[in-house]
Amino acid sequence: MAKICLKNVSKIFDGEVKAVSDFSIDIADKEFVVLVGPSGCGKSTVLRMIAGLEEVSAGELYIGDRLVNGLPPKERDIAMVFQNYALYPHMTVYKNMSFGLENRKVPKEEIDRKVHEVAKLLDIEDLLKRKPKAMSGGQRQRVALGRAMVRDPAVFLLDEPLSNLDAKLRTSMRSEIIKLHKRSNSTFVYVTHDQTEAMTMGDRIVVMRNGIVQQIDTPQNLYQYPCNKFVASFIGTPQMNFLPVVLSKDSYGYYLVLEDVGIRIHKPDTVLAPYLNRQIILGIRPDGIKPDPQGVIQAKVEVAEPLGGETYLNLDCYGEKIVVKVNGLAQYEIEQKVALTFDTTHIHLFETETETVICH
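In this text the structure is predicted, and so the values were computed from the model without any measurement.

Caption draft 1: Quick peek at the overall build of the chain. Scanning the chain for helices and strands turns up nine helices and 21 strands. Referenced to the eigenvectors of the C-alpha coordinate spread, the extents of the chain come out at roughly 80 × 45 × 35 Å. The 360 residues of the chain split such that 48% are buried. Positive and negative charge centroids in the chain, built from 44 and 46 side chains respectively, lie 7 Å apart.

Here's what the structure looks like:
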C-alpha cells in the first residue's frame, strides 16, 4: 500500500518564514494528485517533505502505515523526478538508470532486465550508450523517468518535470506520464504551476496559495465549483472574468446592477438575502459571454486574438477588463463597440471582502 497521509503539516524556515501552514490530505493508493499554485506557494516544499529532503516542522507525515517524519529518503520507497532532470553527466543512460539499483546490490542480471524493460517502454533503448549532453530535453526527461521507474517505487514524486520543455513536447510528455501512471502500481504526487497540466493529469488537484491549501477536489469540480475567487481565477484558460456588481431586488426577484444595466438572476433567497444592496463580485468564464446585437451590456474591443477554431476578444466593459471566447475566426476592429449577453446559468458570485464564494 502506498497511501500518503499528511496531518496538519507545516514547514518553517529559519525559525520565522512559514512556507507551508497546516497542510492536510489523504492520498489514496495509486492515486494521481497534483499540487498547483503560483511560484512560492509552497507546493515544492510539500513534495520535498514527502521525499524527506526537507524536515517537517510540525504535524505528521505517513507513507503507507508508517510515520516517516524522521526517516531518511532512501527508507521511504519513493522516487523523485526533478525539473532539471538531475542526470549524472559523465554516465551513459544505462549507468544513470542502473546506478541506484547497483547501490542497492541488486543482481546484475536483474538490473539489466529492468533497465532494458523500462527503456523499451519509454522508447529510449537506442539511447542507452549515450551521455546526457548528446540528447534533447525530451530524451533526458524520459531518462529521468526511466531512472525512477526501474526502482519500481511505491510513490513517484515529480517536481515540475516538464517546465523546461517546449509546448509540443510538454503535451506529448504529459501523455507519457499519464500512461506511466496507468501501467504502474505507484501513487503519484506531481507539482506544477501550469493549471493545464493539473487539469489534464490529476485525479485530484490541490490548489495552494501562500503556503495554505485553498481547495482540494477533482478537476471538474474545481472548474465548476471554485470555493473562492483565487481558485476561480487560477483554474481555467483564459481565466474567469470578474466584475463588481450590486445585488438588488424588485417584485420579480433578484438582479445584479452592472453600471446602469440589470442582470436578472435566479438563486435561493436564503443565499442572496444577506447581500442585498451590497457590492459583490460577479464571476463568469469567457465562454459564458456572447456578443449579441440585442444585448444590453456594452463593451469595447481592445484586442482580438484569432486562434483558428476560436477567437478571444479582450474587451473593456465599463472600465473592467474581460475576455470573451467566440467560435471561429471572428472579425472585430480595435475600439469597436460590442453588445453582450451573459449566460446567467453559469455565473458565480463572491464576497467582496473575503472573496469566498456566495453561490454558483
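Caption draft 2: Up close: the sheet that holds strand 9 (residues 204-209). With mixed pairing, the six strands of this open sheet are ordered in space as 6-7-8-3-9-10. The open sheet has two edge strands, strand 6 (78-81) and strand 10 (212-217), and neither has a second partner. Across the sheet, the axes of successive neighbouring strands diverge by a mean angle of 15 degrees, strand direction being ignored. Both strand 3 (residues 32-36) and strand 9 contribute to a ladder of four bridges, which runs parallel. Following the sheet pairing, L35 is matched in strand 9 by V206.

Caption draft 3: Looking closely at the pattern of salt bridges. Counted under the stated rule, the structure contains 15 salt bridges. A salt bridge links K300 to E335; the nearest nitrogen and oxygen atoms lie 3.7 Å apart. Here K300 is found in strand 16 (residues 297-306), whereas its partner E335 is found in the loop between strand 18 (320-327) and strand 19 (337-342), with 35 residues between them in sequence. Taking the relative accessible area as the measure of exposure, K300 reaches 32% and is therefore partly exposed. The residue K321 makes a salt bridge to D316 at a minimum N-O spacing of 3.6 Å. The exposure class of K321 is exposed, given its relative accessible area of 53%. If you follow the salt bridges from partner to partner, you end up with K11, R48 and E54 in one network.

Caption draft 4: Structural detail: the side chain of R285. Looking at the element boundaries, R285 is found in the loop between strand 14 (279-284) and strand 15 (289-291). For R285, which is buried and forms no salt bridge, the nearest opposite charge comes from D287, at a distance of 6.2 Å. A distance of 3.1 Å separates a polar atom in the side chain of R285 from the backbone oxygen of Y223. Ignoring any residue separated from it by four or fewer positions in sequence, one finds R285 in contact with Y223, A232, I235, G236, M240 and N241.

Caption draft 5: Spotlight on the nonpolar core. Formed by 44 residues in total, the largest nonpolar core has its most connected members in M97, L145, L158, I177, Y190 and V207. No other element matches helix 4 (residues 137-149), which puts five residues into this core. Once residues lying within four places of it in the same chain are set aside, the contact partners of M97 are V115, V118, A119, I124, L128, V143, G146, R147 and V150. Membership of the second largest hydrophobic core comes to 32 residues, among which are V261, L282, V326 and I347.

Caption draft 6: Looking closely at the packing of aromatic side chains. Inspection of every chain in the model, using the stated rule, returns six aromatic pairs. Judged by centre distance (4.7 Å) and plane angle (35 degrees), the rings of F156 and F188 are tilted. Separated by 32 residues along the polypeptide, F156 in strand 7 (residues 155-159) and F188 in strand 8 (residues 187-192) bring together distant segments of the chain. Residue F156 is classed as buried on the basis of its relative accessible area of 2%. Each member of the aromatic cluster is reached from another via a ring pair, and the members are F32, F156, F188 and Y190. Just above the ring of F242 sits the side chain of K229; from NZ or CZ to the centre is 5.1 Å. R285 extends its terminal NZ or CZ atom over the ring of Y223, reaching a point 4.0 Å from the ring centre.

Scoring rules and cut-offs
Residues numbered from 1 in each chain as written. Predicted model: local features only at pLDDT ≥ 70, side-chain atom pairs only at ≥ 80, totals over all residues. Heavy atoms only, no water. Helix = DSSP H or I, 4+ residues; strand = E, 2+ residues; numbered from the N terminus. Buried < 20%, exposed > 50% of the residue type's maximum accessible area, 1.4 Å probe, protein only. Lys, Arg positive; Asp, Glu negative; His and termini not counted. Charge placed at Lys NZ, Arg CZ, Asp CG, Glu CD. Pairing = 2+ DSSP bridges. Axes fitted to C-alpha atoms, helices over the stretch in contact; angles between N-to-C directions. Salt bridge = Lys/Arg side-chain N within 4 Å of Asp/Glu carboxyl O. Polar contact = N/O pair within 3.5 Å; in protein donor to acceptor, adjacent residues only side chain to side chain. Contact = heavy atoms within 4.5 Å. Core = buried A, V, L, I, M, F, W, Y, C linked by side-chain atoms within 4.5 Å. Phe/Tyr/Trp six-rings, centres within 6.5 Å; stacked < 30°, edge-to-face > 60°. Lys NZ or Arg CZ within 6 Å of the ring centre and 35° of its normal.

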